[in-house]
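# Survey of secondary and tertiary structure
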Amino acid sequence: GDSVTQTEGQVTVSESKSLIINCTYSATSIGYPNLFWYVRYPGEGLQLLLKVITAGQKGSSRGFEATYNKEATSFHLQKASVQESDSAVYYCALSGNNNAPRFGAGTKLSVKP
Amino acid sequence: GALVYQYPRRTICKSGTSMRMECQAVGFQATSVAWYRQSPQKTFELIALSTVNSAIKYEQNFTQEKFPISHPNLSFSSMTVLNAYLEDRGLYLCGARQGDTEVFFGKGTRLTVV
């Protein structure tokens, strides 16, 4: 089936340092999936951070970026300089058109001041 | 803006009883609604996808007999957890979208089974 694998557990990064959260996907029933990163801040609901629907393109939002790499089936999330306010749980997800997103396990980011 | 409200936010039910949770879309027409469950230490598992004018599609390991869903109009959906047991505890999330636009999520209903 279709699935997403991402850096599991918790990642701790010092403020102003760079971040990468790995995400790879398997899309056996969807030829060209849409790829997403969602974020859940403490006490908040799940919200879309960025999405890319075309292979080879890059999405960006709030200083985060991710590139849809079809050859490597990857969609890693990166940020050059994290802030304490970026502390949250990040979920990589995929979907086909008109299908519901399927999520990875989630990665809890803690940014140390 | 587009918002999704879920209620109750938290609920406790006795083992073997049932619990109904609701999902309200505000500011857009929810032509499709997806229900998820996040069990402790796990990710959000898709339970089912309900699309207007189509049959509700349940994922493997989830059935209509256990998780009946209603989607009577373009702003509301509900799901019931029938005969809840310990393994049903977790955070139940509703995601709604209009057409093929972005999916908007509620904050979830946290179910505790005692």
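As the structure is a computational prediction, the values presented were derived from the model and not from experiment.

The rules behind these values
Residues numbered from 1 in each chain as written. Chains lettered and ligands numbered in written order. Predicted model: local features only at pLDDT ≥ 70, side-chain atom pairs only at ≥ 80, totals over all residues. Heavy atoms only, no water. Contact = heavy atoms within 4.5 Å. Buried area = accessible area lost by both parts, 1.4 Å probe. Salt bridge = Lys/Arg side-chain N within 4 Å of Asp/Glu carboxyl O. Polar contact = N/O pair within 3.5 Å; in protein donor to acceptor, adjacent residues only side chain to side chain. Buried < 20%, exposed > 50% of the residue type's maximum accessible area, 1.4 Å probe, protein only. Core = buried A, V, L, I, M, F, W, Y, C linked by side-chain atoms within 4.5 Å. Helix = DSSP H or I, 4+ residues; strand = E, 2+ residues; numbered from the N terminus. Disulfide = S-S within 2.5 Å.

### A closer look at the interface of chain B and chain A
At the junction of the two partners, chain B supplies 18 residues and chain A supplies 16 residues. Interface area for chain B against chain A, summed over the two sides, is near 1,500 Å², with a carbon-plus-sulfur share of 52%. Three residues, B:Phe44, B:Phe105 and B:Lys107, lead the burial of chain B against chain A; their summed loss comes to 31% of the area buried on that side. Inspection of the chain B/chain A interface yields 1 salt bridge. Here A:Arg102 makes a salt bridge to B:Glu59, at a shortest N to O gap of 2.8 Å. At the surface where chain B touches chain A, the tally comes to 5 residue pairs in polar contact (both at pLDDT 80 or more).

### Section: the pattern of salt bridges
Counted under the stated rule, the structure contains 7 salt bridges over all chains. Salt-bridge contacts for A:Asp86 lead to A:Lys79; the nearest nitrogen and oxygen are separated by 2.7 Å. Pair check on accessibility: A:Asp86 and A:Lys79 agree, each one buried. The shortest N-O distance in the salt bridge between B:Arg37 and B:Glu45 comes to 3.9 Å. With a relative accessible area of 10%, B:Arg37 lands in the buried category.

### Points about the nonpolar core
What tends to happen in soluble globular proteins is that the nonpolar side chains get buried as a cluster. Formed by 27 residues in total, the largest nonpolar core has its most connected members in A:Leu19, A:Trp37, A:Leu49, A:Leu50, A:Phe75, A:Leu77 and A:Tyr90. Elements with a minimum of two residues in this core: strand 2 (9-14), strand 3 (19-21), strand 4 (23-26), strand 5 (34-40), strand 6 (47-52), strand 8 (64-67), strand 10 (88-95) and strand 12 (107-112) of chain A. Look past the residues within four positions of A:Leu77 in its chain and what remains in contact with it is A:Leu19, A:Ile20, A:Ile21, A:Trp37, A:Leu49, A:Leu50, A:Phe64, A:Glu65, A:Ala66 and A:Tyr90. Core analysis: the second largest hydrophobic core is formed by 24 residues, B:Ile69, B:Val81, B:Ala96 and B:Leu111 among them.

### A short note on the state of the cysteines
A full pass over the atoms with the stated rule returns 2 disulfides over all chains. Each disulfide pairs two cysteine sulfurs, and for A:Cys23 the partner residue is A:Cys92, the sulfurs being separated by 1.9 Å. Around the S-S axis, the bridge from A:Cys23 to A:Cys92 shows a dihedral of about -70° and counts as left-handed. With A:Cys23 in strand 4 and A:Cys92 in strand 10, the pair connects residues that are 69 residues apart, well separated along the chain. Residue classification places A:Cys92 among the buried positions, given a relative accessible area of 1%. Bridging B:Cys23 to B:Cys94, the disulfide has an S-S length of 1.8 Å. In this structure the cystine formed by B:Cys23 and B:Cys94 twists about its S-S bond by roughly -55°; its chirality is therefore left-handed.

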